[in-house]
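A structural walkthrough
For reference, the chains in residue letters:
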Amino acid sequence: AVLWALASPCLAAPATRVPTIAAERIIVEHAEFTPWDLHTLPPAEAQWVNVALPDVWPKTKLTDPNGNTIVRKPPMMGWYKLRFIAPSISGEQVAVFIPRVTNNIEVYLNGQSFYQSGDVTQTIETQWNTPQYFAIPKGLVQTGENALLIRLHTEKHRRVGLSAVSIGPVNE
(Lines give C-alpha, C1' and ligand atoms only; values in the text may rest on other atoms or scores of the structure.)
Protein backbone atom coordinates (compact mmCIF):
# COMPACT_ATOMS: atom_id res chain seq x y z
CA ALA A 1 0.00 0.00 0.00
CA VAL A 2 1.21 3.47 -0.75
CA LEU A 3 0.53 5.83 2.12
CA TRP A 4 1.44 9.43 2.69
CA ALA A 5 0.44 11.81 5.39
CA LEU A 6 -1.18 15.17 5.00
CA ALA A 7 -0.35 17.54 7.80
CA SER A 8 -3.44 19.00 9.41
CA PRO A 9 -4.55 22.16 7.69
CA CYS A 10 -3.88 25.28 9.71
CA LEU A 11 -6.74 27.71 10.01
CA ALA A 12 -4.50 30.56 8.88
CA ALA A 13 -2.02 28.81 6.59
CA PRO A 14 -2.18 26.24 3.78
CA ALA A 15 -1.64 22.53 4.47
CA THR A 16 1.86 21.06 4.38
CA ARG A 17 2.45 17.60 2.99
CA VAL A 18 4.73 14.97 4.42
CA PRO A 19 6.80 13.23 1.70
CA THR A 20 5.31 10.21 -0.09
CA ILE A 21 6.47 6.88 1.28
CA ALA A 22 5.77 3.75 -0.77
CA ALA A 23 5.01 0.44 0.96
CA GLU A 24 6.47 1.69 4.25
CA ARG A 25 5.16 3.28 7.37
CA ILE A 26 4.65 6.99 7.73
CA ILE A 27 5.19 9.01 10.87
CA VAL A 28 2.52 11.61 11.53
CA GLU A 29 4.01 14.55 13.42
CA HIS A 30 1.15 17.04 13.02
CA ALA A 31 -2.43 16.74 14.17
CA GLU A 32 -5.43 18.82 15.06
CA PHE A 33 -6.77 19.01 18.61
CA THR A 34 -10.12 19.89 20.17
CA PRO A 35 -11.01 19.76 23.86
CA TRP A 36 -14.39 18.11 23.21
CA ASP A 37 -15.31 16.71 26.62
CA LEU A 38 -18.26 14.49 25.76
CA HIS A 39 -18.39 10.78 24.99
CA THR A 40 -19.46 11.45 21.39
CA LEU A 41 -17.55 12.41 18.27
CA PRO A 42 -16.90 16.15 18.11
CA PRO A 43 -19.53 17.90 15.98
CA ALA A 44 -18.73 19.41 12.58
CA GLU A 45 -18.61 22.89 14.14
CA ALA A 46 -15.99 21.90 16.75
CA GLN A 47 -12.94 24.16 16.66
CA TRP A 48 -9.81 22.19 15.85
CA VAL A 49 -6.36 23.74 16.26
CA ASN A 50 -3.04 22.54 14.87
CA VAL A 51 -0.62 20.85 17.20
CA ALA A 52 2.81 19.33 16.64
CA LEU A 53 3.41 15.79 17.87
CA PRO A 54 4.66 14.91 20.38
CA ASP A 55 2.20 17.05 22.31
CA VAL A 56 2.61 17.38 26.08
CA TRP A 57 -0.31 19.39 27.44
CA PRO A 58 1.49 21.33 30.21
CA LYS A 59 4.25 22.36 27.78
CA THR A 60 2.20 23.16 24.65
CA LYS A 61 0.21 26.37 24.69
CA LEU A 62 -2.71 26.32 22.26
CA THR A 63 -4.91 29.18 21.12
CA ASP A 64 -8.17 29.10 19.22
CA PRO A 65 -8.71 31.08 15.97
CA ASN A 66 -9.78 34.11 18.05
CA GLY A 67 -6.52 34.13 20.02
CA ASN A 68 -8.05 32.72 23.22
CA THR A 69 -5.97 30.24 25.22
CA ILE A 70 -7.30 26.68 25.16
CA VAL A 71 -7.09 25.36 28.71
CA ARG A 72 -6.12 21.69 28.81
CA LYS A 73 -6.19 20.72 32.44
CA PRO A 74 -6.92 17.11 33.45
CA PRO A 75 -9.22 15.47 34.16
CA MET A 76 -10.88 15.98 30.81
CA MET A 77 -11.08 14.51 27.32
CA GLY A 78 -9.29 15.74 24.29
CA TRP A 79 -9.48 14.63 20.67
CA TYR A 80 -6.66 14.42 18.15
CA LYS A 81 -7.35 14.24 14.42
CA LEU A 82 -4.59 12.82 12.22
CA ARG A 83 -5.11 12.86 8.48
CA PHE A 84 -3.43 10.56 6.00
CA ILE A 85 -3.95 9.69 2.37
CA ALA A 86 -4.02 6.20 0.95
CA PRO A 87 -3.66 6.68 -2.84
CA SER A 88 -4.59 3.06 -3.53
CA ILE A 89 -5.92 0.24 -1.42
CA SER A 90 -4.46 -3.12 -2.34
CA GLY A 91 -6.15 -5.12 0.41
CA GLU A 92 -3.08 -4.87 2.62
CA GLN A 93 -3.94 -4.41 6.27
CA VAL A 94 -2.78 -1.18 7.90
CA ALA A 95 -1.65 -0.80 11.52
CA VAL A 96 -1.10 2.08 13.92
CA PHE A 97 1.72 2.35 16.46
CA ILE A 98 1.70 4.99 19.20
CA PRO A 99 4.95 4.85 21.21
CA ARG A 100 3.62 7.09 23.97
CA VAL A 101 0.10 8.05 24.89
CA THR A 102 -0.81 9.12 28.37
CA ASN A 103 -4.01 7.57 29.55
CA ASN A 104 -6.84 5.54 28.05
CA ILE A 105 -7.80 6.04 24.41
CA GLU A 106 -10.51 5.23 21.91
CA VAL A 107 -9.64 5.33 18.21
CA TYR A 108 -11.89 6.05 15.23
CA LEU A 109 -11.19 5.92 11.52
CA ASN A 110 -13.46 7.91 9.26
CA GLY A 111 -16.04 8.21 12.04
CA GLN A 112 -16.11 4.53 13.06
CA SER A 113 -14.77 3.38 16.44
CA PHE A 114 -12.52 0.34 16.08
CA TYR A 115 -10.05 0.28 19.00
CA GLN A 116 -10.11 1.04 22.71
CA SER A 117 -7.34 0.83 25.26
CA GLY A 118 -8.60 1.01 28.81
CA ASP A 119 -12.00 2.38 29.78
CA VAL A 120 -12.50 5.93 28.49
CA THR A 121 -15.61 6.39 30.63
CA GLN A 122 -13.92 5.74 33.97
CA THR A 123 -11.47 7.77 36.00
CA ILE A 124 -9.15 4.79 36.52
CA GLU A 125 -6.31 4.89 34.01
CA THR A 126 -5.22 1.36 33.19
CA GLN A 127 -3.11 2.19 30.13
CA TRP A 128 -1.06 5.11 31.42
CA ASN A 129 2.03 5.69 29.30
CA THR A 130 1.69 2.32 27.53
CA PRO A 131 2.74 1.95 23.87
CA GLN A 132 -0.18 1.00 21.64
CA TYR A 133 -0.09 -1.15 18.48
CA PHE A 134 -3.26 -2.15 16.69
CA ALA A 135 -4.43 -3.12 13.22
CA ILE A 136 -7.10 -1.14 11.44
CA PRO A 137 -9.87 -3.53 10.38
CA LYS A 138 -9.86 -4.24 6.65
CA GLY A 139 -12.33 -2.08 4.79
CA LEU A 140 -12.03 0.97 7.07
CA VAL A 141 -9.10 2.55 5.21
CA GLN A 142 -10.45 4.40 2.19
CA THR A 143 -8.70 5.34 -1.02
CA GLY A 144 -7.95 9.05 -0.62
CA GLU A 145 -8.03 11.05 2.58
CA ASN A 146 -8.67 9.30 5.89
CA ALA A 147 -9.19 10.84 9.34
CA LEU A 148 -7.86 8.97 12.37
CA LEU A 149 -9.39 10.37 15.57
CA ILE A 150 -7.91 9.55 18.95
CA ARG A 151 -10.01 10.32 22.01
CA LEU A 152 -7.71 10.77 24.96
CA HIS A 153 -9.25 10.33 28.41
CA THR A 154 -7.02 12.05 30.90
CA GLU A 155 -6.55 11.69 34.59
CA LYS A 156 -4.57 13.94 36.89
CA HIS A 157 -1.14 13.17 35.39
CA ARG A 158 1.32 15.97 34.74
CA ARG A 159 2.52 14.77 31.35
CA VAL A 160 -0.73 14.14 29.50
CA GLY A 161 -0.26 13.96 25.76
CA LEU A 162 0.39 12.06 22.56
CA SER A 163 3.60 11.15 20.72
CA ALA A 164 4.08 11.08 16.97
CA VAL A 165 2.05 8.25 15.43
CA SER A 166 3.23 5.63 12.91
CA ILE A 167 0.82 4.27 10.31
CA GLY A 168 1.74 1.58 7.82
CA PRO A 169 1.40 -1.99 6.64
CA VAL A 170 0.96 -4.59 9.41
CA ASN A 171 4.14 -6.37 8.29
CA GLU A 172 6.24 -3.15 8.45
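Throughout what follows, the structure given in this document is the object of discussion.

Within the structure shown, the criterion is met by five aromatic pairs. Taking 5.5 Å as the distance between ring centres and 75° as the angle between the ring planes, the aromatic pair formed by Phe33 and Trp57 counts as edge-to-face. Of the two residues, Phe33 is situated in strand 4 (residues 30-34) and Trp57 in the loop between strand 6 (55-56) and strand 7 (62-63); the sequence distance between them amounts to 24 residues. Summarising the aromatic geometry, the rings of Tyr115 and Phe134 are spaced 3.9 Å apart at their centres and angled 15° between planes, so their arrangement reads as stacked. Placement of the pair is Tyr115 in strand 12 (residues 112-117) and Phe134 in strand 13 (residues 132-136), with a sequence separation of 19 residues. Overall, the relative accessible area of 4% leaves Phe134 in the buried class. One aromatic cluster in this structure is built from Phe33, Trp57 and Tyr80. Across from the ring centre of Trp48, 4.4 Å away, lies the NZ or CZ of Lys81, which sits over that ring.

Right, let's get into the nonpolar core. Formed by 36 residues in total, the largest nonpolar core has its most connected members in Tyr80, Leu82, Ile98, Phe114, Leu148, Ile150 and Ile167. For this core, the leading source of residues is strand 9 (residues 77-88), giving four residues. In this structure, Leu148 is in contact with Tyr80, Lys81, Leu82, Phe84, Val96, Val107, Tyr108, Leu109, Phe114 and Ile167, ignoring residues within four places of it in sequence. If you look at the next biggest cluster of nonpolar residues, it comprises six residues, including Trp48, Trp79, Tyr108 and Leu149.

Next up on the list: the sheet that holds strand 10 (residues 94-98). Here we have four strands laid out as an open sheet, ordered 3-16-10-13, and antiparallel in their pairing. Where the open sheet ends on each side, the last strands, each with one partner, are strand 3 (26-28) and strand 13. Taking the axes of each pair of neighbouring strands and ignoring which way they run, one obtains an average angle of 20° across the sheet. As paired elements, strand 3 and strand 16 (residues 165-169) share three bridges and run antiparallel to each other. By the bridge assignment for strand 16, Ile26 is matched with Ile167.

Rules used throughout
- Residues numbered from 1 in each chain as written.
- Predicted model: local features only at pLDDT ≥ 70, side-chain atom pairs only at ≥ 80, totals over all residues.
- Heavy atoms only, no water.
- Phe/Tyr/Trp six-rings, centres within 6.5 Å; stacked < 30°, edge-to-face > 60°.
- Helix = DSSP H or I, 4+ residues; strand = E, 2+ residues; numbered from the N terminus.
- Buried < 20%, exposed > 50% of the residue type's maximum accessible area, 1.4 Å probe, protein only.
- Lys NZ or Arg CZ within 6 Å of the ring centre and 35° of its normal.
- Core = buried A, V, L, I, M, F, W, Y, C linked by side-chain atoms within 4.5 Å.
- Contact = heavy atoms within 4.5 Å.
- Pairing = 2+ DSSP bridges.
- Axes fitted to C-alpha atoms, helices over the stretch in contact; angles between N-to-C directions.

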